[in-house]
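Take a look at the letters that make up each chain.
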Amino acid sequence: MARAGITADRLVTAAADLADEVGFENVTLSALARRFGVKDASLYSHVRSVQDLRVRVAFLAGGELVDRIAVAVAGRAGRDALTAFADAYRAYALERPGRYAATQIRVDQALVADSPALRRTAEITYGMLRAYGLEEPDLTDAVRLLRSTFHGYCALESTGGFGAPRDVQRSWERAVDALHSALTHWPREEKTDD
């Protein structure tokens, strides 16, 4: 056991906390080593590289985000589920900016397939969208619409990108209403016989 009581889990949690404080892109092994009062090299017994650490933070944050969303949407359907999902997503993105940034990195698909949290995210998201009567390939298109809308809104809001005097919360509510309308009236892709 290391002098500072470092474990892989403690290291990843500390990296996630640091990401929220200084930005995900500024998380380094050196900064974490300083936090634990150890030399950089001692961290390599817990993670292979800074990229390995960042992927682990992404999985931690993804699990936290889906847990929030799952609680929010439990027992809801349609507009209520969509609103709860959207609000939970936005709250996490704004409260945990570094962790949220971690959820946006590209991760090797083999690792994604082995992640229970990411599988759970897909189950919850697709389950919510099935209440709108969507099936593939429309489900994938709808997921992409939601993700790009939520992410774009949160990214702009977190950087003060909305300069108009209109209340940002009210605009968010209208955006979610527009998404509900789009999902309700989704233009179904015609099936073709190949």
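Our structure is the block above this text.
Residues numbered from 1 in each chain as written. Predicted model: local features only at pLDDT ≥ 70, side-chain atom pairs only at ≥ 80, totals over all residues. Heavy atoms only, no water.

Turning our eyes to something else, we now look at the packing of aromatic side chains. What the rule picks out here adds up to six aromatic pairs. For the ring pair phenylalanine 85 and phenylalanine 150, a centre distance of 6.0 Å and an interplane angle of 35 degrees mean the geometry is tilted. Taken together, the residues span a long stretch of sequence, with phenylalanine 85 in helix H4 (residues 78-95) and phenylalanine 150 in helix H8 (residues 138-158) at a distance of 65 residues. A single burial state applies to phenylalanine 85 and to phenylalanine 150, both of which are buried. Aromatic pair phenylalanine 150 and tryptophan 172: ring centres 5.8 Å apart, planes at 45 degrees, arrangement tilted. Residue phenylalanine 150 is found in helix H8, and its partner tryptophan 172 is found in helix H9 (residues 168-184); the two are separated by 22 residues along the sequence. We note that phenylalanine 150, like tryptophan 172, is buried. (Phe/Tyr/Trp six-rings, centres within 6.5 Å; stacked < 30°, edge-to-face > 60°. Helix = DSSP H or I, 4+ residues; strand = E, 2+ residues; numbered from the N terminus. Buried < 20%, exposed > 50% of the residue type's maximum accessible area, 1.4 Å probe, protein only.)

Of all hydrophobic cores here, the largest spans 34 residues; its most connected members are Leu82, Leu129, Phe150 and Leu183. For this core, the secondary structure elements donating two or more residues are helix H3 (50-73), H4, helix H7 (116-130), H8 and H9. Ignoring anything within four residues of it in the chain, the contact list for leucine 82 reads Met128, Tyr132, Leu146, Phe150, Val176, Leu179, His180 and Leu183. (Core = buried A, V, L, I, M, F, W, Y, C linked by side-chain atoms within 4.5 Å. Contact = heavy atoms within 4.5 Å.)

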